[in-house]
Amino acid sequence: MSIKPLRKAVFPVAGLGTRFLPATKQMAKEMLPVVDKPLIQYAVEEARAAGIEQFCFVTGRGKTMLVDQFDVAYELEHVLRERNKTKELEMLHAQALPPGAIVSTRQQVPLGLGHAIWCARSFIGDEPFAILLPDDLMQCDVSCTKQLADAYYATGGNVVAVEEVPREIVNRYGVIAPGATTGNLVEIKGLVEKPKVEEAPSNITVIGRYVLMPEVIGHLSRMERGAGNEIQLTDSMAKLIGAQPFHGVLYEGRRFDCGDKIGYLEAQIAFALKRPEMADAVRGFLKTYT
Ligand code: G1P
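It should be emphasised that the depicted structure is a prediction, and the values quoted were computed from it without experimental measurement.

Engineer: Now, about the site of the ligand: what can you tell me, with residues and values included?
Structural biologist: Residues in contact with the ligand amount to 14 residues; listed here are only the nearest, Asp136, Gly174, Glu193, Lys194 and Val206. At 2.7 Å, a side-chain N or O of lysine 194 approaches an oxygen atom of the ligand. With 4 residues, strand β11 (residues 204-212) is the largest single contributor of residues to the shell around the ligand.

Engineer: Account for the side chain of aspartate 136, with residues named and values stated.
Structural biologist: Within the secondary structure, aspartate 136 sits in strand β7 (residues 136-139). The exposure class of aspartate 136 is buried, given its relative accessible area of 7%. At 2.7 Å, the side chain of aspartate 136 forms a polar contact with the backbone nitrogen of glycine 208. Among the polar contacts listed, one links the side chain of aspartate 136 to the side chain of arginine 255, at a separation of 3.0 Å. Excluding residues that lie within four positions of it along the chain, aspartate 136 makes contacts with Ile207, Gly208, Arg209, Arg255, Phe256 and Asp257.

Engineer: Outline the packing of helix α10 (residues 261-273) against helix α11 (residues 279-287), supporting the account with residue identities and numerical values.
Structural biologist: Interaxial distance between α10 and α11 falls to 8 Å at its minimum, and their mutual angle equals 135°. Taken together, α10 and α11 sit at an angle that is classed as oblique. Of the residues in α11, those touching α10 at Ile269, Ala272 and Leu273 are Ala279, Val282, Arg283 and Leu286. Considering only residue class, the contact of α10 with α11 consists of 6 nonpolar, no polar and 1 charged.

Engineer: Hey, could you go over unusual backbone geometry for me, with residue numbers and the actual values?
Structural biologist: Backbone torsion omega between leucine 21 and proline 22 reads 5°, so that peptide bond is classified as cis. Checked against the element boundaries, proline 22 lands in the loop between β1 (8-12) and β2 (33-34). Residues other than glycine seldom take positive phi values, yet asparagine 229 does so here, at roughly 60°. Structurally, asparagine 229 can be placed in the loop between α8 (216-220) and α9 (233-238).

Engineer: Just give me the short version of the pattern of salt bridges, but keep the residues and values in it.
Structural biologist: When their charged atoms lie close together, side chains carrying opposite charge are able to pair. On inspection of all chains with the given rule, the structure shows 18 salt bridges. Close ionic contact of aspartate 150 with lysine 146 constitutes a salt bridge, the shortest N to O distance being 3.1 Å. Of the two residues, aspartate 150 and lysine 146 both sit in helix α7 (residues 144-155), 4 residues apart, roughly one turn of that helix. By relative accessible area, aspartate 150 is classed as partly exposed at 38%. Two residues, glutamate 187 and lysine 189, come together in a salt bridge whose shortest N-O distance is 4.0 Å.

Engineer: Explain the packing of aromatic side chains to me, and be specific about the residues and the numbers.
Structural biologist: Applying the stated criterion across every chain, the model contains 8 aromatic pairs. Considering the side-chain rings of phenylalanine 57 and phenylalanine 70, the 5.7 Å spacing of their centres and the 80° angle between planes classify their relative orientation as edge-to-face. Within this pair, whereas phenylalanine 57 is found in strand β4 (residues 54-59), its partner phenylalanine 70 is found in the loop between α2 (65-68) and α3 (74-82), the two being separated by 13 residues in sequence. Each member of the pair, phenylalanine 57 as well as phenylalanine 70, is classed as buried.

Engineer: Now, about the nonpolar core: what can you tell me, with residues and values included?
Structural biologist: In terms of nonpolar packing, the biggest core is built from 35 residues, with Phe11, Ile40, Val44, Phe55, Phe57 and Val211 touching the most fellow members. The set of elements that each furnish at least two residues to this core consists of β1, α1 (39-48), β4, β6 (129-132), α7, β8 (158-164) and β11. Broken down by element, the residue count for this core peaks at 5 residues, all from α7. Membership of the second largest hydrophobic core comes to 30 residues, among which are Val58, Ile176, Tyr210 and Leu220.

Engineer: Describe the side chain of glutamine 147, with residues and values.
Structural biologist: With respect to the helices and strands, glutamine 147 occurs in helix α7. Only 2.8 Å separates the side chain of glutamine 147 from the backbone nitrogen of glutamate 252, close enough to count as a polar contact. In this structure glutamine 147 touches Cys140, Val142, Tyr251 and Glu252, once residues within four positions along its chain are discounted.

Engineer: Quick one: what's the story with the packing of α3 against helix α4 (residues 86-95), residue by residue and with numbers?
Structural biologist: A pair of packed helices is captured by two measures, namely the crossing angle of their axes and the spacing between those axes. One can describe the packing of α3 onto α4 by two numbers: an axis separation of 9 Å at closest approach and a directional angle of 150°. Considering the angle they form, α3 stands roughly antiparallel to α4. Here Leu76, Glu77, Leu80 and Arg81 of α3 lie close against α4, whose contacting residues are Glu88, Leu89, Leu92 and His93. Tallied by class, the residues present in the contact of α3 with α4 amount to 4 nonpolar, 1 polar and 3 charged.

Engineer: Tell me about α10, and name the residues and values.
Structural biologist: Spanning 13 residues, α10 covers 19 Å between terminal C-alpha atoms, matching the ideal 18 Å at 1.5 Å per step. Along α10, the residues that are buried comprise Gly263, Tyr264, Ala267, Gln268, Ala270, Phe271 and Ala272. In this fold, the buried residues of α10 make contact with β2, α1, β7, β13 (254-257) and α11. The N-terminus of α10 is capped by aspartate 260, whose side-chain oxygen sits 3.2 Å from the backbone nitrogen of isoleucine 262.

Definitions and limits used
Residues numbered from 1 in each chain as written. Predicted model: local features only at pLDDT ≥ 70, side-chain atom pairs only at ≥ 80, totals over all residues. Heavy atoms only, no water. Near = heavy atom within 4 Å. Polar contact = N/O pair within 3.5 Å; in protein donor to acceptor, adjacent residues only side chain to side chain. Helix = DSSP H or I, 4+ residues; strand = E, 2+ residues; numbered from the N terminus. Buried < 20%, exposed > 50% of the residue type's maximum accessible area, 1.4 Å probe, protein only. Contact = heavy atoms within 4.5 Å. Axes fitted to C-alpha atoms, helices over the stretch in contact; angles between N-to-C directions. Parallel < 35°, antiparallel > 145°, perpendicular 65-115°, else oblique. Nonpolar A, V, L, I, M, F, W, Y, C, P; charged D, E, K, R; others polar. Salt bridge = Lys/Arg side-chain N within 4 Å of Asp/Glu carboxyl O. Phe/Tyr/Trp six-rings, centres within 6.5 Å; stacked < 30°, edge-to-face > 60°. Core = buried A, V, L, I, M, F, W, Y, C linked by side-chain atoms within 4.5 Å. Expected span 1.5 Å × (residues − 1).

Pasting the structure below:
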């Protein structure tokens, strides 16, 4: 079997971000900054570091600013040039994507993550693709999506990033039924979306990073409803088990749940502490709160 190169990534960004109101009344939740960079930009940079060349945002009403973020801002660049702000200009240029690298499609109705991915079916075509949920902010030495891409090239099949969590919170996630573990790869024998704690097959959960084979779209097309009466990606992924290789990658790094206020605040601190120009100041003021 020849392994197709992983070139595409889908970013489901249609959610309303109600947990962050009023901040998200006008602004897309994926534009919330951690230190000085919006969540969407961390996700795009992570994907680029994994060799992704084509980006598809699944957006909704009022979320065009997410695509604009990756456009050329002529007026801004003009002013920066006039003021000799070379560093800022260079930063903007380094972040620019090649023309035509981003497309967006709409998820008109919020029917679930599986439905959002199905909305990107024309973009996906018959190629493997990555999915990044920007709410899950990753702090990894090697891009988390790159860790998945390496596992995809090694196994030739579906891979998802997984982590162990305390059992009492497994009901918030997709949970795997694990098979054999080899190094950082766990064979996946089953997948359940948001199971009851007492029914969960393990305490190993799926985080918002995936590399999937295009065949998942066929299963999503059936529009079957699952947990929360939503069309769940997990349910369609589960149907691939047995037909194609399916593994979890115990990724190296840390995940911050930026869909949650505490997780978001923690991310601010953790990312600020990684910045040499502000780490000492942050450590200093943190002491005054303990
Ligand atoms: C989604 C997925 C779930 C996964 C989680 C990771 O859930 O459906 O399987 O574990 O992302 O963040 P959501 O957070 O959208 O409820």
